Amino acid sequence: MKSSAEEKSFTNAVEVWLTFAHDDARAAKNLFSAEIWNLVCFHAQQATEKALKAFLRMHMDQIPRVHSLAKLTELCSKIDRTFLRHKQIALLLDRFYIPTRYPEAAPGSLPEGLPGRDDAKVAIQHMKRVLKHVSKRLAGYGKTPLGF
């Protein structure tokens, strides 16, 4: 089955980032139903990262090759100070990037071990909050596939 990213005609870099963010958000929601908590957290982090990069791409020709949501939030806040309110969310979601991606990093990476259901639920809530914010900030842009 093709992802919406593969089916979409990519005419604009911002749309590409938004489409990939939407795909990761969908994956996080579907994986929650499957109770695969570590991957829910990973895809929530990825959706948030790609949404922030979409916002940055709207304002820059090149976006930095950075995976830290805290750093990306900081960069977004230099363009639009309203992003500062998401700094704590970024820090929380950043905790999931390495341990949920690399199996050998998992032991000891998170003090409590791999993420559980509660972590996954919070990760999705935080992801939605940031995606909604990005959607609002890009509202004048046109079609934004982040319907959260």
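Our structure is the block above this text.
These numbers were taken from a predicted model, which means no experiment stands behind them. (Residues numbered from 1 in each chain as written. Predicted model: local features only at pLDDT ≥ 70, side-chain atom pairs only at ≥ 80, totals over all residues. Heavy atoms only, no water.)

Engineer: Account for the side chain of Q45, with residues named and values stated.
Structural biologist: Within the secondary structure, Q45 is located in helix α3 (residues 37-59). Given a relative accessible area of 0%, Q45 falls into the buried group. Residues within four places of Q45 in sequence aside, it is in contact with H67, L69, L93, D94 and Y97. (Helix = DSSP H or I, 4+ residues; strand = E, 2+ residues; numbered from the N terminus. Buried < 20%, exposed > 50% of the residue type's maximum accessible area, 1.4 Å probe, protein only. Contact = heavy atoms within 4.5 Å.)

Engineer: I'd like to hear about helix α4 (residues 69-79), residue by residue, with values.
Structural biologist: Taken together, the buried positions of α4 are occupied by L69, A70, L72, T73, L75, C76 and S77. Of the surrounding secondary structure, the elements contacted by the buried residues of α4 are α3 and α5 (87-94).

Engineer: Please give an account of the pattern of salt bridges that cites residues and values.
Structural biologist: Tallied over the entire structure, the rule returns six salt bridges. Ionic pairing is found between K50 and D24, a salt bridge with its closest N-O pair at 2.5 Å. Placement of the pair is K50 in helix α3 and D24 in helix α2 (residues 13-33), with a sequence separation of 26 residues. The class for K50 is buried, based on a relative accessible area of 14%. Residue K87 pairs with E74 through a salt bridge whose shortest N-O separation is 3.4 Å. (Salt bridge = Lys/Arg side-chain N within 4 Å of Asp/Glu carboxyl O.)

Engineer: Help me get a handle on the environment of F32, residues and values and all.
Structural biologist: Tracing the chain through its elements places F32 in helix α2. If we ignore the near neighbours within four places in the chain, the residues touching F32 are W37, V40, R117, A120, K121 and I124.

Engineer: Can you explain the nonpolar core? Please cite residues and give values.
Structural biologist: Ranked by size, the top nonpolar core spans 36 residues in total, and within it L52, L72, M127 and V134 carry the most contacts. If one sorts the elements of this core by residue count, α3 sits on top with ten residues. (Core = buried A, V, L, I, M, F, W, Y, C linked by side-chain atoms within 4.5 Å.)

Engineer: Would you mind going over the packing of α5 against helix α6 (residues 117-137) in detail, with residue names and values included?
Structural biologist: For the pair α5 and α6, the least separation of the axes is 10 Å and the interaxial angle reads 135°. Between α5 and α6, the angle falls in the class oblique. Crossing hand, α5 versus α6: left-handed. Contacts between α5 and α6 involve I89, L92 and L93 from the former and V122, A123, H126, M127, R129 and V130 from the latter. Each residue belonging to the contact of α5 with α6 can be placed in one class, and the counts come to seven nonpolar, one polar and one charged. (Axes fitted to C-alpha atoms, helices over the stretch in contact; angles between N-to-C directions. Parallel < 35°, antiparallel > 145°, perpendicular 65-115°, else oblique. Left-handed = near helix turned anticlockwise from the far one by under 90°. Nonpolar A, V, L, I, M, F, W, Y, C, P; charged D, E, K, R; others polar.)

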